[in-house]
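# Structural overview for review
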Amino acid sequence: MSEDTRKKLNRREFFSYLSVAWVTFTAAAAGLLGMAFRFSYPNVNFEPEMDFIAGRVGDYEEGVDERWKNGYGVWMVKEEGKLFALSNICTHLGCVPTWMPAELKFKCPCHGSGYYTNGINFEGPAPRPLERYKITLTPEGTIKVDKTKIYRYEKGQWDHPDSFLSV
Amino acid sequence: MKEFINYLADPIRSFPITCILFYFMIRYYKVVGTKKFAWIGGALLVATYGIFALDPNFWLIITWPDNVPISILVFSVAFLTWYSLYKCAENDKRLEAGECPIEALPENREKVWCWPNLVYTELFAIIAGTVFLIGWGILFDAPLEEPANPTWAPNPAKAPWYFLGLQEMLVYFDPWMAGVVLPGLIVVGLIAIPYIDTNPKGNGYFTFAERKMAITAFLFGWLVLWLYLIIVGTFLRGPNWTFYGPFEFWDFHKVVAEYNVNLSEFFWVFGLEMSLPKNLIVRELPGIILTILYLIIPVVIAKWDKCKEMIEKVGYIRYYIYMYLVIIMATLPLKMFLRWLFSLKYIIALPEWELNL
């Protein structure tokens, strides 16, 4: 350090430089952290939407309908004058059961849990029935399935008016 | 004949058979631990495997890349179990005759240097292991499947082979029990062994006669409750996790009559012929009482002579930790038998609280 610079830089100036440096450093670090945080969220989300329009009531025949299973993970089941949206997640350990049309049951490939078409568990280790999703009619007359709201049989929620459509 | 083997292989029959074979192995370990037995038993095992492999369905199972390690496991575990029993039998004969174990002979007490003796051996083991893995990688291609889809699962959906025993356990238990509590206790129990077992006998030499209970308990858990379940999970579980005999075609539509019932239903509906009580605790009371009765077994049998002897030797804390680990291990075969004999699903079933035993 030369003789002039030592004269130029007095105590007050030193602290102002220090503050500027610290503020810059903190801002840069915070920006970097923020970018790292942002990076942990994907740019494009391939997960299915949590709610969707599932056609009209007339589209469904008696029994289990698999058309929304691959896209949204929902079976539409129509039986005994009710139409409901059944979750396709096994209540034992979260595998995806298979619909077996010949045997009229859902069967889980992981540990062999079996469910009737209405979602009630009857074989294997599943401790409780499949969950049902909220299902409502829009003003246009189409069906709306909302997967954020679930109805569980063992809690007596299957009588809730939003858990099925009367057809 | 094939039909008969398929019939025997069903866990309902093959599990008791395995237990009986295990009992005979332990009871007559001096016969098992001879070289003559090894040659005859080994030849029989290879011959059986060879005859089994002639069947196209069994051939499909054993040549599936994921299942090849199981075949290696069957042979290597059979050999290693025999080898340890052979060493035990030899030493026990010497101990009976009043001699010292083979490991304590003067020529076996000689010491060698870690470097180079041990390090060289390790180096060769590393090279051999690498060669084996490269050979494996060339022989078997890793499957390249379609992108993951959260709304679809392969059928059967199988865990890696070393977890198949756990997956088989999950068939009989709630995920919390078989997925978290039991594996946790297995790990904790294995860690606890040196602290519970302070008996210095058997340290540094093979013996069975001096460590009957310890070796039997460990081998039962390892061979019957872990390896047997892995073999069942790999070879005998097909689509929908249904049981298939070793020579049976994996028919997707095989129908198995299975209807599982909780203990509460047995008690209230079939026993007392009334509907299930509304109150959860009242509904599950029979199961809760049974569980409590089961859990106080170690306290009750502490009065027995054998247990008193053990308490005197190791103290109360070690006795209770050991006993509780053993009775929790025993819940697995117990629950399996209850499922097979009575189609019992859960002893306590409180899905409202996510709690099932």
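Residues numbered from 1 in each chain as written. Chains lettered and ligands numbered in written order. Predicted model: local features only at pLDDT ≥ 70, side-chain atom pairs only at ≥ 80, totals over all residues.

## A look at the overall build of chain A
Note the following rule: Counting from the N terminus, the helices are the DSSP runs of H or I reaching at least four residues and the strands are the DSSP runs of E reaching at least two. This radius of gyration counts C-alpha atoms alone. The globule rule is 2.2 Å times how many residues there are, raised to the power 0.38. A residue is called partly exposed when the number of other C-beta atoms within 10 Å of its own lies between 12 and 20, exposed at 12 or fewer, and buried at 20 or more, with C-beta atoms placed from the backbone. Once C-beta atoms have been placed from the backbone, residue pairs whose C-beta atoms lie within 7 Å are recorded as contacts.
Broken down by element type, chain A carries 3 helices and 11 strands. Helices and strands in chain A line up, N terminus first, as α-α-β-β-α-β-β-β-β-β-β-β-β-β. What you see for chain A is a C-alpha radius of gyration of 29 Å, clearly larger than the 15 Å of a compact globule of 167 residues, by over 25%. Relative to its 167 residues, chain A shows a buried fraction of 31%. In chain A, the proportion of contacts linking residues at least 24 apart, taken out of those at least 6 apart, comes to 43%.

## Details of the pairing of strand E4 (residues 82-87) of chain A
All names here are of chain A. The condition that has to hold: Here the rule is simple: two strands pair whenever DSSP picks up at least two bridges between them.
Note: strand E3 (residues 74-79) against E4, 6 bridges, orientation antiparallel. Note that in E4 the partner of Val74 across the bridge is Ser87. Connecting E3 to the antiparallel partner E4 that follows it, the hairpin turn spans 2 residues, and Glu80 within it adopts a positive phi of roughly 50°. Relative to strand E11 (residues 165-166), E4 is paired through 2 bridges, and the arrangement is antiparallel. Bridging across to E11, Lys82 finds its partner in Ser166.

## A few points about helix H10 (residues 212-235) of chain B
Residues and elements named next belong to chain B. This is how it is decided: The span one expects for a helix is its residue count, reduced by one, times 1.5 Å.
For H10, spanning 24 residues, the distance from its first C-alpha to its last is 32 Å, which sits close to the expected 34 Å at 1.5 Å a residue. Ile215, Tyr228, Leu229, Ile230, Ile231, Val232, Gly233, Thr234 and Phe235 are the residues of H10 that are buried. Turning to H10, the residues buried within the fold contact helix H2 (11-27), helix H5 (56-63), helix H6 (68-96) and helix H8 (164-170).

## Focus: the sheet that holds strand E6 (residues 105-107) of chain A
Residue and element names in this part refer to chain A. Taken in spatial order, the 4 strands make up an open sheet running E5-E6-E7-E8, and their pairing is antiparallel. In this open sheet, the two edge strands, each paired with only one partner strand, are strand E5 (98-100) and strand E8 (121-123). Relative to strand E7 (residues 114-115), E6 runs antiparallel, the two being bridged by 2 bridges. The residue bridging Phe106 from the neighbouring strand is Tyr115, located in E7.

## Here we look at the nonpolar core
Heads up, the condition is: By definition, a nonpolar core groups buried Ala, Val, Leu, Ile, Met, Phe, Trp, Tyr and Cys residues that are joined through C-beta atoms within 7 Å.
Of all hydrophobic cores here, the largest spans 34 residues; its most connected members are Met169, Phe173, Ile231, Val232, Tyr346 and Ile348 of chain B. For this core, the elements supplying multiple residues, two or more each, are H5, H8, helix H9 (175-196), H10, helix H16 (316-342) and strand E1 (349-350) of chain B. Considering each element in turn, this core owes the most residues, 6 residues, to H10 of chain B. Formed by 19 residues, the second largest nonpolar core is a distinct cluster that contains Trp75, Leu86, Trp99 and Tyr133 of chain A.

## A word on the interface of chain B and chain A
Taken together, the contact between chain B and chain A spans 30 residues of the former and 24 residues of the latter. Broken down by secondary-structure element, the contributors of at least two residues to the side of chain B that touches chain A are H8 and H9 of chain B.

## Some remarks on the environment of Leu93 of chain A
Structurally, Leu93 of chain A can be placed in the loop between E4 and E5. Sequence-wise, Leu93 of chain A and Gly156 of chain A are 63 residues apart; in three dimensions their C-alpha atoms are separated by 22 Å.

## Notes on unusual backbone geometry
All names here are of chain B. Each neighbour pair has its own omega, and for Trp115 with Pro116 the value is 10°, a cis peptide bond. For Trp241, which is not a glycine, the phi torsion comes out positive at approximately 55°. Position of Trp241 among the secondary structure elements: in the loop between H10 and helix H11 (263-271). Here Glu273, not a glycine, exhibits a phi torsion of approximately 50°, which is positive.

## Brief notes about the domain arrangement of chain B
All names here are of chain B. Test applied: Each domain's limits were defined by an automated method or a database of domain assignments. Amino acid classes used here: Ala, Val, Leu, Ile, Met, Phe, Trp, Tyr, Cys and Pro are nonpolar; Asp, Glu, Lys and Arg are charged; the rest, including Gly, are polar.
One can read the domain layout of chain B as domain 1 (2-143 + 157-241) and domain 2 (263-356). Between domain 1 and domain 2, the C-alpha centre-to-centre distance is 29 Å. If you list the elements that add at least two residues to the side of domain 1 that touches domain 2, you get H2, H9 and H10. Ranked by residues supplied to the side of domain 1 that touches domain 2, first place goes to H9 with 4 residues. Residue composition of the side of domain 1 that touches domain 2, by class: 10 nonpolar, 3 polar and 1 charged.

## Here's the deal with the domain arrangement of chain A
Per the domain assignment, the segments making up chain A are domain 1 (3-39) and domain 2 (51-166). Computed over C-alpha atoms, the centres of domain 1 of chain A and domain 2 of chain A are 59 Å apart.

## A closer look at the environment of Glu210 of chain B
All names here are of chain B. Tracing the backbone through its elements, the reader meets Glu210 in the loop between H9 and H10. The exposure class assigned to Glu210 is partly exposed, which follows from the 16 C-beta atoms found within 10 Å. Here the alpha-carbon distance between Glu210 and Cys88, two residues 122 residues apart in the chain, equals 9.9 Å. In this view, Glu210 contacts Lys201 and Gly202; residues no more than four positions away in its chain are not counted.

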